[in-house]
Structures are given as C-alpha cells and as structure tokens.
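Per-entry structural report
For reference, the chains in residue letters:
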Amino acid sequence: MSVLPTEPLQIVEPLRRNDTRRNLVGLSRAELKALLAEHGLEAFRAGQIWHWIYWHGARDFTAMSTIARKTRERLEELFVIDRPQIATEQRSSDGTRKWLLRLVDGNEVECVNIPEEDRGSVCVSSQVGCTLTCSFCHTGTQPLVRNLSAAEIVGQFMVARDSYGEWPTPTETTRMLSNIVMMGMGEPLYNFDNVAAALKIVMDDQGIALSRRRITLSTSGVVPMIPKVAQELDVNLAVSLHAVSDEVRDLLVPLNRKWPIAELLKACREFPSAKNSRRITFEYVMLKGVNDSDADARELVRLLKPIHAKVNLIPFNPWPGAPYECSSNNRIHRFAEIVNDGGLSAPVRTPRGRDILAACGQLKSASERDRKTKVRDLEVQAGAR
Ligand code: SAH
Ligand code: SF4
C-alpha cells in the first residue's frame, strides 16, 4: 500500500443549513410508509425510495428516475436524505481510512475503515463519547456524551461507502466494505434501540444488504441487554473482558462492579448463537504487568472453556497520559501460546491506523487534536500568530 498523507485531507462540505425538512435516513420501512401516508403519498413509494437511498446511495430526489418529476419535487419540499458531514478524512500508510464526522448539533464522532486482503471492516460509533470510563480507553475520558440516532449510525456506513464509491450495492463477494464492527466510540448496548434500528436498515436485502454474519457488536458487559442482541438482531457478539478476576476488571472496566465476571459469563453461556456454530469473541487488551501473566492466561482458558469462544488479544494502544503500557511482544506471544494450547483460538490483533490515531481506544484524542489544529489554523488565518 502506498504511503498517503496522514494529515487531515479536506473539509468537504459546509455546515448544514438551517433546514427543517425531515431526514428519511434512519427510518424503518414502516416508519417511512407512515410518513409518506401522512403527506398523502402512496405506500408503494416507500419501497422505491428505500431502494434509491440504500441500494443506489441517492443523496437527493432528482436522481430517482423511476419516480415522476412532480412527486420528486414534492418529496424534495418535504424531506432530505442526510448523512453526517465529513469534517476531515485521513488515510493511514497501512490503508486504514478515518472520517471525522460532524453531526447537525456540531458534535463529532469518528468512523474508521480497516481494509484487509479479503474484506473491509468499518468500525462504527454508537455514542458521542462514552459514559463508562474504562481506565485504558481514551474515549471514556471524553466529557461530552450523547446517544447517536439511528440515522447517525447508519449514516456512518453510508459515508464510508460514498468515500469508496461503493454504490449501487455490489455483490457480497466483491465488496470492499464488507463488515461492520460496532467498536467505535460508545457503548452500543446503552443505545440499543437506535443501534438495532440502524443495523436492521443495514441488513435489509433491498438496500445495503449486509449479512448479519458480517456484523459484530462489542459490549463492555451490559449483562441484561446481551440476550437482546441474539433475539432482535442475531449478529455476532464480542465482549470486552480484559481481566480474569473481579479485582482487576473492577479497575479496568468499572461496569464490572455492577455486573461482575461470573454474571457476564453466565449471559455469554446462555447466548443462543453460542450454542450454534457462531463463537463469541472475547477481547483482551494486553497491559504490561496488569493482566498479562501466565497465570492470567491459564485462568482465561479455564473461564472460557464452557463457552463457544475465541479470544482477540489487542496490544494496548497508547494515548497521551494513559496510565498503562503495552505488554512486550514476547509476553503477548507467550500469553497467546498458553491460550492456544488451552484449545482457544487467540489471534493477536495487529494495530491498524496508529499513525492517524484510528486504532482501538484512540478515537477521542484524534477529534480533540483536530479541533486544536483547526483553531490554530483559524488563528493563523486571522493573523493572530
Ligand atoms: N464500548 C464497547 C465498544 C467500543 S470499544 C466496548 O467497550 O466493547 C472497542 C474495543 O477497543 C473494546 O474491546 C475496548 O476495550 C478496546 N479498547 C479501548 N481502548 C483501547 C486501547 N487504548 N487499546 C486497545 N484497545 C482498546
Ligand atoms: Fe466506553 Fe468501550 Fe471505551 Fe469502555 S472501552 S470507555 S465501554 S468505549
């Protein structure tokens, strides 16, 4: 992959106008039908419009050539097809692409695409910031938090597709953007309704048409919501475990004080997909001297044996002021060996996009740094320096 600039590339669009028209992105098919009916438009239009928005990627109504001009004009008066705006796009030397997206209220979230040989996983955010304050995660130190709407969640994937020109929806085997991981900013199970609404849109086969097998939702352990992931969505589950004792996990993932390891693993044992062929992924961040001993690895095997599980070992991605260091390569590989010998697959995740601060847990720092850069640029323009 060629080396591309790592500085933010462009400000693509101006801030959205003061527009009171309703956004159609993020509505379910039923909601879309009802909204059209409210305005005296026929129900069958919903299917047509859906196809234009999510299959063809239409960004306005003029493109909708199967709809009569008069109707298109009426639609244009009433509605918009809106995605989050791209504030900046950055490209890593390893091919990772990151978008800083500006929402209508001025908040910002990040979305990342991690290309691999046979696929591209788009890492999507569920919240602005996160309320959960895991001590190794930079996102958790961001003070401002709000849930993203369904439109803002599905919109992230649409922006990624725009960037790769991946419209109309290609066949499953030829896609560059083939997977979604709900592993960006925020805790998806604290915003379940909107995340579920967005993922249902993404899975609709008349539109973006992503298979549920290609979607993974990651949670830090909101135990009562875990069954819903299977019941309502049936997508893959990933659990951020990170420690094998409550003593350590309480420090790393404070949510553990509410739902300790035993309860979390019970919910995982009962997770329906775990009984079938699909395995639950357990994420384990490697922190030097904290959770990376041989004894920790053996305990991990013991805990996960009764579950149809695999382990993802994530080298800790540092951020300024972080109170941890990443385990050494030797330590990580020894740890992986013990877990593998215990019968669990335990690949070490290669950090991606570190040069543009797009790796796991680094997301907050990027948006704050960008804001600082922008302020500095404005100051320079204004002759303040
Ligand atoms: N809130 C959800 C999903 C987003 S975080 C969750 O916690 O599962 C995605 C993954 O990145 C989680 O496993 C998280 O623990 C991990 N992560 C967070 N900060 C990290 C860091 N600095 N280095 C490596 N992984 C990190
Ligand atoms: Fe939130 Fe996940 Fe970060 Fe914890 S690791 S603070 S749950 S985003």
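Here, the structure is the one placed above.
Residues numbered from 1 in each chain as written. Chains lettered and ligands numbered in written order. Predicted model: local features only at pLDDT ≥ 70, side-chain atom pairs only at ≥ 80, totals over all residues. Heavy atoms only, no water.

Regarding the overall build of the protein chain
A count of helices and strands for the protein chain gives twelve helices and 13 strands. The buried share among the 385 residues of the protein chain stands at 55%. Taking contacts inside the protein chain between residues at least 6 apart in sequence as the whole, the part at least 24 apart equals 67%. (Helix = DSSP H or I, 4+ residues; strand = E, 2+ residues; numbered from the N terminus. Buried < 20%, exposed > 50% of the residue type's maximum accessible area, 1.4 Å probe, protein only. Contact = heavy atoms within 4.5 Å.)

Quick look at the sheet that holds strand 5 (residues 108-115)
Paired through backbone hydrogen bonds, the strands of a sheet run either parallel or antiparallel to each other. Strand order in the open sheet formed by nine strands is 3-4-5-6-9-10-11-12-13, and the pairing between neighbours is mixed. Looking along the sheet, the strands with just one partner apiece sit at the ends: strand 3 (85-91) and strand 13 (309-315). Adjacent strand axes in the sheet meet at a mean angle of 20 degrees when their direction is disregarded. Across the sheet, helix 5 (residues 192-203) touches strand 9 (179-182) and strand 10 (215-219), and the angle it forms with strand 10 is around 165 degrees. (Pairing = 2+ DSSP bridges. Axes fitted to C-alpha atoms, helices over the stretch in contact; angles between N-to-C directions.)

Section: the packing of helix 1 (residues 29-38) against helix 2 (residues 44-55)
It is the contact of helix 1 with helix 2, at a shortest axis distance of 9 Å, that shows an interaxial angle of 125 degrees. Judged by the angle between their axes, helix 1 and helix 2 are oblique. In the crossing of helix 1 with helix 2, the sense of the turn from one axis to the other is right-handed. Residue-level inspection shows Arg 29, Leu 32, Lys 33 and Leu 36 of helix 1 in contact with helix 2, the latter providing Arg 45, Ala 46, Gly 47, Ile 49 and Trp 50. Along the lines of polarity and charge, the residues of the contact of helix 1 with helix 2 split into five nonpolar, one polar and three charged. (Parallel < 35°, antiparallel > 145°, perpendicular 65-115°, else oblique. Left-handed = near helix turned anticlockwise from the far one by under 90°. Nonpolar A, V, L, I, M, F, W, Y, C, P; charged D, E, K, R; others polar.)

Some remarks on the site of ligand 2
If you check the shell around ligand 2, you find Cys 130, Leu 132, Thr 133, Cys 134, Cys 137, Gly 140, Gly 186 and Ser 220 and nothing else. Looking at side-chain class alone, the shell around ligand 2 contains four nonpolar, four polar and no charged residues. (Near = heavy atom within 4 Å.)

Observations concerning the nonpolar core
Judged by nonpolar contacts, the single largest core of 109 residues is most densely connected at Phe 136, Phe 282 and Leu 304. Taken together, domain 1 (22-80) and domain 2 (85-369) each give at least three residues to this core, which thus spans both. Beyond its immediate chain neighbours, meaning those up to four positions away, Phe 136 contacts His 242, Leu 252, Val 253, Val 285, Leu 287, Phe 316, Trp 319 and Tyr 324. (Core = buried A, V, L, I, M, F, W, Y, C linked by side-chain atoms within 4.5 Å. Domains from an automatic or database assignment.)

Here we look at the packing of helix 10 (residues 294-304) against helix 11 (residues 329-341)
Remark: helix 10 packs on helix 11, axes separated minimally by 9 Å, with the N-to-C direction vectors making an angle of 30 degrees. For the element pair helix 10 / helix 11, the angle class is roughly parallel. Crossing geometry of helix 10 relative to helix 11 is assigned as right-handed. Taking contact as the criterion, the partners of Asp 294, Asp 296, Ala 297, Arg 298, Leu 300 and Val 301 in helix 10 are, on helix 11, Arg 331, Arg 334, Phe 335, Ile 338 and Val 339. Residues that form the contact of helix 10 with helix 11 fall into these classes: six nonpolar, no polar and five charged.

Considering the site of ligand 1
In the neighbourhood of ligand 1, 21 residues make up the surrounding shell, with Gly 186, Ser 218, Ser 240, His 242 and Asn 317 lying closest. Contact between ligand 1 and Ser 218: an oxygen atom at 2.7 Å from a side-chain N or O atom of the residue. Contact with the protein chains hides 95% of the accessible area of ligand 1, taken as 530 Å² for the molecule alone. Of all the secondary-structure elements, those providing two or more residues to the shell around ligand 1 are strand 10, strand 12 (280-286) and strand 13. A per-class count over the shell around ligand 1 returns ten nonpolar, nine polar and two charged. (Polar contact = N/O pair within 3.5 Å; in protein donor to acceptor, adjacent residues only side chain to side chain. Areas by Shrake-Rupley, 256 points an atom, 1.4 Å probe, with all protein chains shown as cover.)

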